[in-house]
Amino acid sequence: MLEGILKFSHHLLESSVCEGELVIDATCGNGNDTLFLSKLVGKNGHVLAFDIQEKAIVNTRETLINNGISNVSLIHDSHANLKDYLLKEENQTIGGAIFNLGYLPRSDKKVITKPESTITAIDTMINSLKQNGLIVLVVYHGHEGGKEEKEAILKHAIKLDQKEYNVLQYGFINQKNNPPFIIAIQKK
Ligand SMILES: C[S@@+](CC[C@H](N)C(=O)[O-])C[C@H]1O[C@@H](n2cnc3c(N)ncnc32)[C@H](O)[C@@H]1O
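First, a word on scope: everything that follows refers to the structure included in this document.

### A short note on helix α5 (residues 146-158)
- When the terminal C-alpha atoms of α5 are compared, their 18 Å separation across 13 residues agrees well with the 18 Å that a helix rising 1.5 Å per residue should span.
- Contacts made by the buried residues of α5 are with α4 (115-128), β6 (165-170) and β7 (181-187).

Next up, the structure:
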């Protein structure tokens, strides 16, 4: 079966993240991916969940409380500042990460992810990513500013050295209205 975009993004992480690892939700929004990651790593693992919007942090906190989750640090900051939240002295390894790009559904469509910060976050993550770990980006690009971000990310991802990374693009090319697609970066 060809899995839908969100299901496939979770499937990729399920197949690569292990219990007890540190993982990143780069854009927590309403907390759906945060919840998914928190269950994946279990009580010995930890999730760093970022969002620049207070509303997203509030919504995600509510999702986590409703599900009795306690292995998540909610960070009201840009994912571009990820390195400030990694413990340098412990040389922390990241088990995997997810980005859902674009804007928070049913919210201000002007608050969107931006190419520079997304790329800075990817580059920080890649340095600390475990061998065979995955960074999964769900690229929504139908909104204003989405095309520019899509192009910048593709340009960046295509340049990653094939000796060090596998880079996958997954999407439905016969769907109308700018359907989302996945970019997955695997460290060899
Ligand atoms: C498509 S939504 C995420 C949906 C979320 N994954 C969920 O499961 O509900 C994108 C989110 O990215 C956030 N965002 C935008 N720029 C950001 C940045 N630089 N760092 C962290 N989050 C950012 C937005 O505030 C928005 O909540």
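Still more ground to cover, so stick around.
### Re the pairing of strand β3 (residues 72-75)
- Relative to β3, strand β2 (residues 46-50) is paired through four bridges, and the arrangement is parallel. Its bridge partner lying in β3, Phe50 is registered against Ile75.
- With helix α3 (residues 54-66) bridging β2 and its parallel neighbour β3, the resulting β-α-β unit is right-handed.

### Thoughts on the site of the ligand
- Every one of the 23 residues lining the ligand counts as a neighbour, but Asn30, Asp51, Gln53, Ser78 and His79 are closest to it.
- Between the ligand and the protein, one listed contact pairs a nitrogen atom with a backbone N or O atom of Thr27 at 3.0 Å.
- Note that a nitrogen atom of the ligand is positioned 3.0 Å from one of the side-chain N or O atoms of Ser78.
- Here the ligand, which alone exposes 610 Å², has 95% of that area covered by the protein.
- Here the shell around the ligand is built from residues that sort into eight nonpolar, twelve polar and three charged.

Rules used throughout
- Residues numbered from 1 in each chain as written.
- Predicted model: local features only at pLDDT ≥ 70, side-chain atom pairs only at ≥ 80, totals over all residues.
- Heavy atoms only, no water.
- Helix = DSSP H or I, 4+ residues; strand = E, 2+ residues; numbered from the N terminus.
- Expected span 1.5 Å × (residues − 1).
- Contact = heavy atoms within 4.5 Å.
- Pairing = 2+ DSSP bridges.
- Right-handed = clockwise from strand over helix to strand, strands pointing away.
- Near = heavy atom within 4 Å.
- Polar contact = N/O pair within 3.5 Å; in protein donor to acceptor, adjacent residues only side chain to side chain.
- Areas by Shrake-Rupley, 256 points an atom, 1.4 Å probe, with all protein chains shown as cover.
- Nonpolar A, V, L, I, M, F, W, Y, C, P; charged D, E, K, R; others polar.

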